[in-house]
Amino acid sequence: MSAYRFLVNGAPAQVDVPGMRRLLDVLRDDLGLTGTKEGCGEGECGACSVLLDGQVVDACLVPVCQVEGRIVRTVEGLSLAARERGSLDTLQEAFLEHGAAQCGICTPGMLMAARAYLDAGGGPDDESIREAIAGNLCRCTGYTKIVDAIVAVATPLE
Amino acid sequence: MPAEPQIDVPRHLFEAYERLAAGPTRPIAGGTDVMVAITGELAPIPERMLDLSRIDALRGIQLEAGSLVLGARTTYTEIRRSALCREHLPVLVEAAATIGAAQIQNRGTLGGNIANASPAGDMLPILLATDAAILVGGQRGEREIPAKDFFIAYRKTALAPDELILHVRFPLPPGREVRFRKVGTRRAQAISKVVMALAWEDFGSTGWQNVRVALGSVAATPIRARKTELILEGARPTPEAADLAAEILVRELNPIDDVRSTADYRRMVSARILHRLLREAGGW
Ligand SMILES: Cc1cc2nc3c(=O)[nH]c(=O)nc-3n(C[C@H](O)[C@H](O)[C@H](O)COP(=O)(O)OP(=O)(O)OC[C@H]3O[C@@H](n4cnc5c(N)ncnc54)[C@H](O)[C@@H]3O)c2cc1C
Ligand code: FES
Ligand code: FES
């Protein structure tokens, strides 16, 4: 056991856990942030996607010792800034508007992958968006509505 | 919750070497292979692990005396963004873009792909086709292992248990071209059914020189198709040469049947990929 310190959604976090504990388990079990989902536990589905220093990663494949001193963003953090205004993140709004969530298991990971894409300056073209979410499986929506929602946010306002 | 073996997090190479020399220790770089193995209990759980993520000596992409040198911890995303790779060995950029999706590319490393030594490791045929050398190190010193001597048997490499991969050196001979093609099931996230790298040097009058045909997923290790290489040596990428090379390749390969694909399919696809690459090179 060791103490690991890092930022989660802007706030300092410290956990006293084995260094090989998965970031996914640390978030869900040690920090109570259950927005991040576990699907496959082996990097295939992307349900556990979070941002690590701004890059999208599968939290089920990251041991917490590698997170020491770094910046984690989860789906809970997505709406933090927006909540001050009493609203959701623009991406979350767009997912709602376009019906991009059905059962919702894939949604937190999908949102984080899309957020990473937009933060890196990604534009509204279909192919790039599909590449950006290729690591996130959805069994319900057929992806079209998800892509539409991301396109809507990526399209510059006139 | 999956097993949580003991892990050390050294900052310097010498500390890592000490740990490795002290007893069986499994390194972890991006974790995209090793975490899956632990969670899925696909292999015996290592007792001790060694995190490589804080060791700066394993990072970086440099041009050194006519070679492109990539640190073992270089991620696929770093390769895709590297101006040096794009300029000097664009095939690395092309291949990195086909590996997993963003989540895997942001974490998975070149050194991990090599040490993991899966026959389906997508970067490995490129190492073979470019005559790359793998620099490894440990308490007993450093040594450079040519890629062609590195992959010994199924998932077995020339790396000793107390050694780390430090970096990979890709020589950059003038006039060399390298092509890459991967056939999987889906576009992203797909484990290769067949992956091929083709390299040659072209000085005009003499025909192709130093031809390399390297493949993954068709044998227990990544391999070079030496008979096919010989057929193409000194040749030009004409339709006749392509037909002949494809035919020789089908006979030379001895792939396996497995859950992803049959041996015949792999042979056929390999021949078709080679034919296509030669057609593109010949411009017909
Ligand atoms: C969803 C998914 C999709 C994937 N898609 C592909 C794909 O398309 N193509 C492909 O080729 N692979 C693919 N992979 C496999 C994997 O991502 C790659 O092999 C990757 O390069 C492994 O690198 P890593 O740093 O994550 O390795 P790790 O998991 O950290 O390590 C892998 C092995 O290498 C050893 N190791 C790592 N670094 C060193 C070093 N410097 N010295 C000595 N030993 C070392 C470790 O001990 C371990 O045995 C995929 C994996 C997943 C989960
Ligand atoms: S739970 Fe992590 S990728 Fe599926
Ligand atoms: S909404 Fe059900 S998996 Fe995507």
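Details of the structure are given in the entry above.
Residues numbered from 1 in each chain as written. Chains lettered and ligands numbered in written order. Predicted model: local features only at pLDDT ≥ 70, side-chain atom pairs only at ≥ 80, totals over all residues. Heavy atoms only, no water.

**Comments concerning the pattern of salt bridges**
- Applying the stated criterion across every chain, the model contains 25 salt bridges over all chains.
- The closest approach of N and O atoms between Glu 131 of chain A and Arg 80 of chain B, which form a salt bridge, is 3.0 Å. Here Arg 80 of chain B lies in helix 3 (residues 76-81) and Glu 131 of chain A lies in helix 6 (residues 126-132), a pairing that spans two chains.
- Residue Arg 80 of chain B is classed as partly exposed on the basis of its relative accessible area of 26%.
- Linking Arg 212 of chain B and Asp 131 of chain B is a salt bridge whose minimum nitrogen-to-oxygen distance equals 2.9 Å. Residue Arg 212 of chain B is located in strand 13 (residues 208-216), and its partner Asp 131 of chain B is located in the loop between helix 8 (124-129) and strand 6 (133-138); the two are separated by 81 residues in the primary sequence. (Salt bridge = Lys/Arg side-chain N within 4 Å of Asp/Glu carboxyl O. Helix = DSSP H or I, 4+ residues; strand = E, 2+ residues; numbered from the N terminus. Buried < 20%, exposed > 50% of the residue type's maximum accessible area, 1.4 Å probe, protein only.)

**So, the side chain of Thr 74 of chain A**
- Mapped onto the secondary structure, Thr 74 of chain A falls in the loop between strand 5 (71-73) and helix 2 (75-78).
- Residues contacting Thr 74 of chain A, with those up to four places away along its chain left out, are Val 8, Asn 9, Leu 27, Thr 36, Val 50 and Met 112 of chain A. (Contact = heavy atoms within 4.5 Å.)

**Regarding the site of ligand 1**
- Neighbouring ligand 1 are 36 residues; Pro 27, Thr 32, Asp 33, Tyr 76 and Thr 109 of chain B lie closest to it.
- Chains contributing residues near ligand 1 are chains A and B.
- At 2.7 Å from an oxygen atom of ligand 1 is found a side-chain nitrogen or oxygen belonging to Asp 33 of chain B.
- Separating an oxygen atom of ligand 1 from a side-chain N or O atom of Thr 109 of chain B is a distance of 2.6 Å.
- Relative to its unbound accessible area of 980 Å², ligand 1 is 93% covered by the protein chains.
- Every element with two or more residues in the shell around ligand 1 is listed here: strand 2 (26-28), helix 2 (34-39), helix 7 (110-116) and strand 10 (164-171) of chain B.
- For the shell around ligand 1, the element with the highest residue contribution is helix 7 of chain B, accounting for 5 residues.
- Along the lines of polarity and charge, the residues of the shell around ligand 1 split into 16 nonpolar, 14 polar and 6 charged. (Near = heavy atom within 4 Å. Polar contact = N/O pair within 3.5 Å; in protein donor to acceptor, adjacent residues only side chain to side chain. Areas by Shrake-Rupley, 256 points an atom, 1.4 Å probe, with all protein chains shown as cover. Nonpolar A, V, L, I, M, F, W, Y, C, P; charged D, E, K, R; others polar.)

**Overview of the sheet that holds strand 1 (residues 6-8) of chain B**
All names here are of chain B.
- In space, the 3 strands of this open sheet follow the order 1-3-2, with parallel pairing throughout. Every other strand in the sheet has two partners, leaving strand 1 and strand 2 as the edge strands with one partner each. Adjacent strand axes in the sheet meet at a mean angle of 35° when their direction is disregarded.
- As judged from the 3 bridges shared by strand 2 and strand 3 (residues 48-51), these two strands associate in the parallel manner. Note that in strand 3 the partner of Pro 27 across the bridge is Leu 50. (Pairing = 2+ DSSP bridges. Axes fitted to C-alpha atoms, helices over the stretch in contact; angles between N-to-C directions.)

**What to know about the environment of Lys 182 of chain B**
Residues and elements named next belong to chain B.
- Relative to the assigned elements, Lys 182 resides in strand 11 (residues 176-183).
- A relative accessible area of 18% means that Lys 182 is categorised as buried.
- Residues Lys 182 and Thr 98 lie 84 residues apart in sequence; the distance between their C-alpha atoms is 7.9 Å.
- Among the polar contacts made by the side chain of Lys 182, one reaches the main-chain carbonyl oxygen of Thr 98 at a distance of 2.8 Å.
- A polar atom in the side chain of Lys 182 sits 2.6 Å from the side chain of Asp 122.

**Looking at the packing of helix 4 (residues 90-98) of chain A against helix 5 (residues 107-119) of chain A**
Residue and element names in this part refer to chain A.
- Two elements in contact, helix 4 and helix 5, have axes separated by 10 Å at closest approach and are oriented at 125°. One way to sum up the angle between helix 4 and helix 5 is to call them oblique. By crossing handedness, the relation of helix 4 to helix 5 is classed as right-handed. Mapping the contact onto sequence places Thr 90, Leu 91, Gln 92 and Phe 95 in helix 4 and Thr 107, Met 110, Leu 111, Ala 114, Arg 115 and Leu 118 in helix 5. (Parallel < 35°, antiparallel > 145°, perpendicular 65-115°, else oblique. Left-handed = near helix turned anticlockwise from the far one by under 90°.)

**Digging into the nonpolar core**
- Judged by nonpolar contacts, the single largest core of 70 residues is most densely connected at Phe 6 of chain A together with Ile 79, Leu 92, Ile 114, Met 123, Leu 127 and Phe 170 of chain B.
- Look past the residues within four positions of Leu 92 of chain B in its chain and what remains in contact with it is Leu 68, Leu 70, Ile 79, Cys 85, Met 123, Ile 126 and Phe 170 of chain B.
- Judged by nonpolar contacts, the second largest core, of 26 residues, contains Val 75, Ala 113, Ala 132 and Ile 133 of chain A. (Core = buried A, V, L, I, M, F, W, Y, C linked by side-chain atoms within 4.5 Å.)

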